[in-house]
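Letter by letter, the chains look like this.
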Amino acid sequence: MPRVIGYADPLSVAPGEPIRFMVGTLDGPRRYRAEVVRLVCGDTGPGGPGLKTVRLPTSIEGEHDGTPQLIDAGSYAIVEHPEAFGALGRFTLQAFIQPTLVPVRPSPRRQVVMGTWAEDRGSGFALMLDETGALAFLIGAAPVSTGTPLTARRWYHVAASIDLAAGTVTLRQTPLADHAPSLEQPVAITTAIRAAPGPAGDFFIGAARKAVEDGRLRTTWHFNGKIDRPSLLAGEHPIGLWDFAADVATDRVTDRSPNHLHGRTVNAPKRAVTGHNWDGSEMDWRRAPHQYGAIHFHDDDLYDAGWRPTLTMTVPTDARSGVYALRLEADGGPEFWVVFYVRPPRGGPRARAAFLASTATYLCYSNYRMRMRPGPAELFIGALPIVDTTDLLLMHHPELGASTYDTHSDGSGVCHVSRLRPIVNVRPTGRLWNLFLDLCLLDWLEAHEQRYDVITDDDLHTEGLPLLDGYSVVLTGCHPEYVSREMMEALAAYLGRGGRLMYMGGNGFYWRVSYPRAHPGMIEMRRAEDGTRAWVESVGEYYHGSTGEYGGLWRRQGRAPNTLVGVGFVAQGFDRSSYYRRTAASRDPRARFIFDGVQDEVLGDFGVAWGGAAGLELDAFNPALGSPPWALVVASSEDHSNAFQLVNEEINVSFAGADGRFSPAVRADMVFYEHPGGGAVFSTGSIAYVGSLAHKGYDNNISRLTLNVLRRFLDPAPFAMP
Amino acid sequence: MFAIDPRRTDLALEFKRRPFGPHSPELQAVLNVLRGSLHCQNLLLVCTRPHAEWMLAEKQPDGRPPRLRPDLTFTSLEAAEWHAFRVRWEAVTGQALPALDRE
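Residue positions are given per chain, counted from 1 along the sequence in the order it is written. Following the order in which they are written, the chains are lettered starting with A and the ligands numbered starting with 1. At least 70 in pLDDT is required for a residue's local features to be given in this predicted model, at least 80 for side-chain atom pairs to be given and counted, and no such filter applies to totals for whole chains, interfaces and linings, which use all residues. Just so you know, side-chain values use all the structure's heavy atoms and leave hydrogens and water out.

Enquirer: Summarise the environment of L616(A); cite the residues concerned and give the values.
Expert: Residues and elements named next belong to chain A. Going along the chain from the N terminus, every DSSP run of H or I of four or more residues is numbered as a helix, and every run of E of two or more is numbered as a strand. Mapping L616 onto the fold places it in strand β40 (residues 614-621). Each residue's exposure class comes from its accessible area (1.4 Å probe, protein chains only) as a fraction of the maximum for that residue type: buried when under 20%, exposed when over 50%, partly exposed otherwise. On the basis of relative accessibility, which here comes to 1%, the residue L616 falls in the buried class. Along the primary structure L616 and S686 are separated by 70 residues, whereas in three dimensions their C-alpha atoms are 7.1 Å apart. The contact partners of L616, leaving out residues within four places of it in the chain, are W433, L437, A571, Q572, G573, F574, S577, A609, W610, F644, I687 and A688. Whether two residues touch is decided by their heavy atoms; if any such pair falls within 4.5 Å, the residues are in contact.

Here is the structure:
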């Protein structure tokens, strides 16, 4: 496994601008080597061009001393007003809670609902669940417990009333009536305590202070589950009445008491979630905020690793636009790649073609653990899952966080992912997927001496249409699956102004994502309602907390990918790729330019992506979903394996024969259409397509027809509408 | 429920010859059972030398790292698939597959 890891900020940088790298070593201090390279092609192995990098001489190249940097994963809220919590004599802590992991596995531990407990000082107090999952109160050495474990995913009202003068605490755990039958009864106990809270400390909701190490706060005993309306009262007087339904889109925690003991969340717990009183009458948190007064905390949430910068440099002014990486090596271990993007100079000359790096998708897949966790993945892959030793790093370092394909330790879906942490799987090695596979396209552009700029989803989201101005052609990557509204609208506007778009992949423009303003570098996505989902979003939580947008498939929001690129996702399988066969429409004079010099009827029965150009994830033409009726389907794939199954949004009533051996709907359609704005769209409809471009020294029918399209799209002559 | 007939070694041979599909409907039914059986579904390959060597591993619950099997390394994905097939066949049917190499 790698012994040195890191991340970059910013993600996309122009020549002449600074970039910082946060580098840390694993298992103790050690020397490491750093080098900046431009990535041209990934390590495709003997069946393809193989790894190609171009060294970029920089001031940070060379050997460095490295030390470990800590990550304090786990979300919580903190109220940094210790003076307010130091002189409590008779007080009550109470909240509605819905624990989601009882007990914690594999090692049972405490889970703090709220309090000032500081593990390093052995002082403070905490209302919590003990190792068995029973409500407990901690002050002094040993906690007092009800002895009755709570049930996961049920709502309770919990309270601890403390009278230090009398030396008593009363604990109450009261199951709330909900729609599931239950035999649980309220539990209340009063018992003696003989300790004082000790020095005042910050107030935590969902965790406790562990220590301060290396100048940074570390936390422990994170709560898994929802906390709603936590409050602290001294006698009858409120000290803090925290309202999680306020400021949902931010990291702020609002105190409704006269004391204004406002706090903040750390590590981006999930907000805009149903509270204890949600009755199903409203699905949008903005329309019934009183029913959305909870926050869902997880012990593995992570927003910003917060590492100190260790290497900084200014991108040389003559650096060409491209995909770059800081290549890190230590002790002969595998390389670790910190990928970043050099965009064209701001206000400077541009190429005529732009590669739009799918950075939103790369991030949604970042630190993907799913293949390494138990489950029936092999049944939809159609083969044994494969990882490498760099992927294994994730299973030894859970603090690195997960992808939107994974679930938290309590089983709930991961809907926040951040680039402000080391990411193990955006690299030119490992699984031939996303960036690795996209590099096949860049390598092909280089082989044909086609000049290109690299821009990113993040740039497009922030800057919109002006980022695309001046480009004759925009080429997507092989799998631009995750798209924000701003990105979608910019691409549509680009086409409306005569732009040409080459959609070089499959399952694109599928899920809606948002970029939370309060958390730069993070993406929010909710797997709502429908679609091919690694997990299912909780009912009532389909609306994004950061923007209020309705999450889920663009297809379910009137903007199916077909409306933009003429095709949309229909099937997936991962055991073997297939080929396309030309259609009669490929002889249409409008498509003649595409097949100039291509005599073959069968296209792409070769390639590094599992042996064919049509594979992995497939898109098909469908006017009912918005594919332009005048579009030409110039080729369609066939002969897919049993592993390829129609996706569930294509199936209303389950039926047999929905796999690639039986269903003609399992196919990729290669589509061309002229856009009313004067431009045009070419779509491959297959993730595997770009893996065929380099076959036979870049001289093959897929390469030839793609080059034909690119050259015509670079030609300013407008396309006439049919 | 569909049960694998251990006499159908012809289906095992079909898999050995073409592990990555497409498969006949009968072989696919066998694969669905083998890959879906709870007691042997959590296999994983860890690439130990890019494009050259893979080690079998077993996925573990509760976020724990996979258990590596250094004694089971393969120089082709086809060989790894065949090993997993044979192990599962015996686990599910209770009968080891006979040698099919010369067929």
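Enquirer: Before we move on, could you go through the packing of helix α1 (residues 9-17) of chain B against helix α3 (residues 77-93) of chain B and cite the residues and values that matter?
Expert: Residue and element names in this part refer to chain B. Lines fitted to the C-alpha atoms define the axes, with helices restricted to the stretch that makes contact. Angles between their N-to-C directions range from 0 to 180 degrees. At a closest axis distance of 9 Å, the pairing of α1 and α3 adopts a crossing angle of 160°. It follows that α1 is roughly antiparallel to α3 by the angle criterion. Between α1 and α3 lies a crossing whose hand is right-handed. The residues of α3 that touch α1, namely those facing A12, F15 and K16, are E81, W82, F85 and W89. Oblique is the label for any angle not under 35 degrees, not over 145, and not in the 65 to 115 range, which are roughly parallel, roughly antiparallel and roughly perpendicular in turn. Handedness of each helix crossing follows the sense of rotation of the near helix against the far helix: counterclockwise by less than a right angle gives left-handed, clockwise gives right-handed.

Enquirer: Lay out the layout of surface pockets with the relevant residues and their values.
Expert: With a probe scaled to a water molecule rolled over the atoms, the places where space remains empty come into view. Residues and elements named next belong to chain A. Volume-wise, the second largest pocket comes out at about 1,200 Å³. The definitions used throughout rest on a 1 Å grid laid over the protein atoms alone, on which a cavity is an enclosed set of points accommodating a 1.4 Å probe that cannot get out and a pocket is an open set flanked by protein within 12 Å on both sides along at least five of seven lines; lining residues are those having an atom within 4 Å of a point. Lining the second largest pocket we find 43 residues, and of these D299, D300, R373, P398 and S409 sit closest to its centre. Elements represented by at least two residues in the lining of the second largest pocket include exactly β18 (216-220), α2 (377-381) and α3 (389-396). Top element by residues in the lining of the second largest pocket is β18. It accounts for three residues. Taken together, the residues that form the lining of the second largest pocket break down as 18 nonpolar, 12 polar and 13 charged. Viewed by domain, the lining of the second largest pocket spans two of them, domain 1 (76-297) and domain 2 (359-714), each represented by three or more residues. Grid points are joined across faces, edges and corners, and a volume is the space filled by probe spheres set on the points. For this classification, Asp, Glu, Lys and Arg are treated as charged, while Ala, Val, Leu, Ile, Met, Phe, Trp, Tyr, Cys and Pro are nonpolar and the rest, including Gly, are polar. Boundaries between domains were set according to an automatic or database domain assignment.

Enquirer: Go over the interface of chain A and chain B, please, and point to the residues and values.
Expert: Between chain A and chain B, the residue contacts involve 34 residues of the former and 36 residues of the latter. In this description, buried area is defined as the sum, over both parts, of the accessible area (probe of 1.4 Å) that is lost when the two are combined. Contact with chain B buries surface across chain A, with E378(A), L384(A) and N642(A) losing the most and accounting together for 21% of the total. Basic side-chain nitrogens of Lys or Arg form a salt bridge, by our definition, when they fall within 4 Å of a carboxyl oxygen of Asp or Glu. There are three salt bridges connecting chain A and chain B. Across the pair E378(A) and R35(B) runs a salt bridge, and its minimum N-O distance is 3.4 Å. Pairs of N or O atoms within 3.5 Å make up the polar contacts considered here, provided that, within protein, one atom can donate a hydrogen while the other can accept it, and that residues adjacent in sequence are counted only when both atoms are side-chain atoms. Between chain A and chain B we count 14 residue pairs in polar contact (both at pLDDT 80 or more) in total. With four residues, the single largest contributor to the side of chain A that touches chain B is α3(A).

Enquirer: Residues and numbers for unusual backbone geometry, please.
Expert: Omega for the bond connecting V102(A) with P103(A) falls within 30 degrees of zero, at -10°, which places this linkage in the cis form. Residue G21(B) is joined to P22(B) through a cis peptide bond whose omega torsion reads 0°. Of note, D247(A) is a non-glycine position whose phi angle comes to about 55°, a positive value. Structurally, D247(A) can be placed in the loop between β20 (237-243) and β21 (252-255). Although it is not a glycine, A268(A) adopts a positive phi angle of roughly 50°.

Enquirer: Now, about the side chain of S123(A): what can you tell me, with residues and values included?
Expert: By the element assignment, S123(A) lies in the loop between β9 (111-115) and β10 (125-129). Not counting residues within four places of it along the chain, the set of residues in contact with S123(A) comprises T116(A), W117(A), A118(A), P197(A), G198(A) and P199(A).

Enquirer: Can you tell me about the pairing of strand β25 (residues 311-314) of chain A, naming the residues and giving the values?
Expert: Residues in a regular strand project their side chains so that they alternate between the two faces of the sheet. All names here are of chain A. Here β25 shows a buried face lined by L311 and M313 and an unburied face lined by T312 and T314. Paired strands, in this sense, are two strands between which DSSP finds at least two bridges. Here strand β3 (residues 18-25) pairs with β25 via four bridges, running antiparallel. Bridging across to β25, I19 finds its partner in M313.

Enquirer: Please set out empty space enclosed by the protein residue by residue, giving values where relevant.
Expert: All names here are of chain A. Scanning the model with the defined rule gives seven cavities of 30 Å³ or more in all. By volume, the largest cavity is sized at about 240 Å³. Contributing elements (two or more residues each) for the lining of the largest cavity: β1 (4-9), β27 (336-342) and α1 (359-364). With four residues, the top contributor of residues to the lining of the largest cavity is β27.

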